[in-house]
Amino acid sequence: MSNQSAPEPPKHPRRRRRHTRTPVGASPGTLQPAPDALPPQIAAIGFGPQGVVERTPIDLEEIAAMRASCNVTWIDVTGFGDVATLKHLGEMFGLHRLALEDVVSVQQRAKVEDYGSHEFVVLRMVDPTAVQETEQLCLFVGPGFVLTFQERPGDCFEPVRQRLRDPSGQMQKRGSDYLAYALLDAVVDAYFPVLERLDARLEAIEDLILGTGGEAAVRELYAQRRCMLELRRAIWPLREATGTLVRGETKHFSAGVLPYLRDVHDHVVQLLDLLENCREMSSSLIDLHMSTNNNRLNEVIKLLTIISTIFIPLTFLVGIYGMNFDVMPELHLWWGYPACLGVGVLVAVSMLLWFRRRRWI
C-alpha cells in the first residue's frame, strides 16, 4: 500500500440538483427551461478550404453566413434560458422539437436518436473541479454542422479547439461526423483523471482508517461514494449510447469514423471497470472501518476484563480480611497488613503471568 498522501479534492458546496420537467399534459416539444438557466452564449468555429473562422460570440444572423462559407460549422451554445433563441436555432438547423425539449430537460440519460436529417446525442460531461454534479451535454450532428448545448460555462473541449486551429492537423480535412467523434472522445476521456484522483483518495482514506481512523475518514468516504454515484449515473448509460454508434445504426457517421467510435466505446468500458473497482474498494473500506472499530472495542473489553479478573480474588481477600471479628488472630500481629498486601500482589502477578502464558495479553 502506498504511503504517499493523495491530493485533496477541491471543496465545493454541493449544488442542489434541478429537476426540470415538461408540465403534465403539455404538448410535445414544449420548451420550459429551468428558472435559473443562464442566457445563451453562442460561439462558432467553421473550417473549410479558406481555413478556420472563429467567432466568439456570434449573432444568429452571422451563423447562416458562416455555414454558407465553411464546409463544417461547430456552433457551441452555453446556457438555454432564452426559449426564442433555441427555437430560432432549431428552425435554422432543422432540429426536431422533441430533441429541443430534451435539451432543456437537464436530467436526461445518455442516449442516441436518429431524426433523419440529423443525429441527436445526449451525454453528461464531468466538471473536474466539482464532480458532485455533472453537466448535461446535447450534441446534434448533421450535414456540415455540429451543434452543442451546455448548461454552464466551462468544458473539456479546448484540446479539440486547438486541433481545429492547427492548419497542419487532420481536423480541418474531416467532416462533421469526425468533429462529433472528437467531442465525444474529449467528454469520455475527461472522466479518467477524475477516477484516478478518486482512486488515489480512496487509498489515502484506507491509510487513515488503518492509522488514526475516526469519524473524519468515514465522512470523507461517504462523500466520495456520493461522487461515485453521480459518476455511475453519468457513465453507465454511455455504454449503450456508444454501442448504438459503434453498431452503425445511424447514417450520420461514416464508415471511416466507426473505428474511432469503437475506441470511444472501449474507453467507456474501461471507465466502468475503474468505477466498479472504486465502488468495491469503498465498500471494502466500510467493512475495514467496522472491523477496525470492532477490534479496538475488543481490545478495550479484553483489557477491562483482565483488570476485573485480577481484582476478583483481591476483593475476596480484602473482604475476608476486613471483616470485624475480634477472634481473627492476624489482626493483632504486626505483619498482618504487609502479609495481606503481599498475598494480593503475588496473586495479581501470578494471574498476569498466567494470562501472558496463555497469550491472552
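Residues numbered from 1 in each chain as written. Predicted model: local features only at pLDDT ≥ 70, side-chain atom pairs only at ≥ 80, totals over all residues. Heavy atoms only, no water.

Asker: What am I meant to see in the nonpolar core here?
Answerer: The tendency in soluble globular proteins is for nonpolar side chains to be buried side by side. Counting residues in each nonpolar core, the largest one holds 60 residues, and the members touching the most others are F157, L179, L231 and L261. Setting aside residues no more than four positions away along its own chain, L261 makes contact with Y181, L184, L245, V246 and F253. In this structure, L60, A99, F120 and V122 belong to the second largest nonpolar core, which totals 27 residues. (Core = buried A, V, L, I, M, F, W, Y, C linked by side-chain atoms within 4.5 Å. Buried < 20%, exposed > 50% of the residue type's maximum accessible area, 1.4 Å probe, protein only. Contact = heavy atoms within 4.5 Å.)

Asker: Is there a simple way to think about the side chain of D76 in this case?
Answerer: For D76, the position within the fold is in strand β3 (residues 72–78). Here the side chain of D76 touches T148 through a polar contact of 2.8 Å, side chain to side chain. Residues contacting D76, with those up to four places away along its chain left out, are Q41, I42, A43, T148, Q150, D155 and R161. (Helix = DSSP H or I, 4+ residues; strand = E, 2+ residues; numbered from the N terminus. Polar contact = N/O pair within 3.5 Å; in protein donor to acceptor, adjacent residues only side chain to side chain.)

Asker: Explain the sheet that holds β3 here, please?
Answerer: Strands belonging to one sheet form pairs held by backbone hydrogen bonds; the direction of such a pair is parallel or antiparallel. In spatial order, the strands read β2-β1-β3-β7-β6-β5-β4; together these seven strands make up an open sheet with mixed pairing. Of all strands in the sheet, those with a lone pairing partner are β2 (51–55) and β4 (111–114), marking the two edges. In this sheet, adjacent strand axes meet at a mean angle of 15° when their direction is disregarded. The pairing of strand β5 (residues 119–125) with strand β6 (residues 135–142) spans seven bridges and is classified as antiparallel. The residue bridging E119 from the neighbouring strand is V141, located in β6. Most of the contacts of helix α1 (residues 60–69) go to strand β1 (residues 41–48), to which it runs at about 15°, and overall it touches β1, β2, β3 and β7 (145–150). Of the strands in this sheet, β1, β3, β5, β6 and β7 touch helix α5 (residues 176–189), which is tilted by about 165° from β6. (Pairing = 2+ DSSP bridges. Axes fitted to C-alpha atoms, helices over the stretch in contact; angles between N-to-C directions.)

Asker: What exactly am I supposed to notice about the packing of aromatic side chains here?
Answerer: Note on aromatic pairs: each is described by the distance of the centres and the angle between the planes. The full count for this structure, using the stated rule, is eight aromatic pairs. Relative to F157, the ring of W74 lies with its centre 5.9 Å away and its plane at 75°, an arrangement referred to as edge-to-face. Within this pair, whereas W74 is found in strand β3, its partner F157 is found in the loop between β7 and α4 (158–165), the two being separated by 83 residues in sequence. With a centroid separation of 4.8 Å and 50° between ring planes, the pair formed by F93 and F145 is classed as tilted. With F93 in helix α2 (residues 83–93) and F145 in strand β7, the pair connects residues that are 52 residues apart, well separated along the chain. Taken together, the ring pairs connect Y115, F120, F140 and F149 into an aromatic cluster. The lysine or arginine in question, R174, covers the ring of Y178, its NZ or CZ lying 4.6 Å from the ring centre. For the cation-ring pair, R232 lies above W236, with the distance from its terminal atom to the ring centre recorded as 5.1 Å. (Phe/Tyr/Trp six-rings, centres within 6.5 Å; stacked < 30°, edge-to-face > 60°. Lys NZ or Arg CZ within 6 Å of the ring centre and 35° of its normal.)

Asker: What is the right way to read the pattern of salt bridges from this model?
Answerer: A pair can form between side chains of opposite charge whenever their charged atoms are brought close. A full pass over the atoms with the stated rule returns 14 salt bridges. Across the pair R165 and E54 runs a salt bridge, and its minimum N-O distance is 2.8 Å. Linking R165 in helix α4 with E54 in strand β2, this pair joins segments that are 111 residues apart in sequence. On the basis of relative accessibility, which here comes to 33%, the residue E54 falls in the partly exposed class. When the shortest N-O distance is used, the salt bridge between K111 and E113 registers 3.3 Å. Through salt bridges with shared partners, one network takes in E54, D76, D155, E158, R161 and R165. (Salt bridge = Lys/Arg side-chain N within 4 Å of Asp/Glu carboxyl O.)

Purely geometric numbers; function is a separate question.
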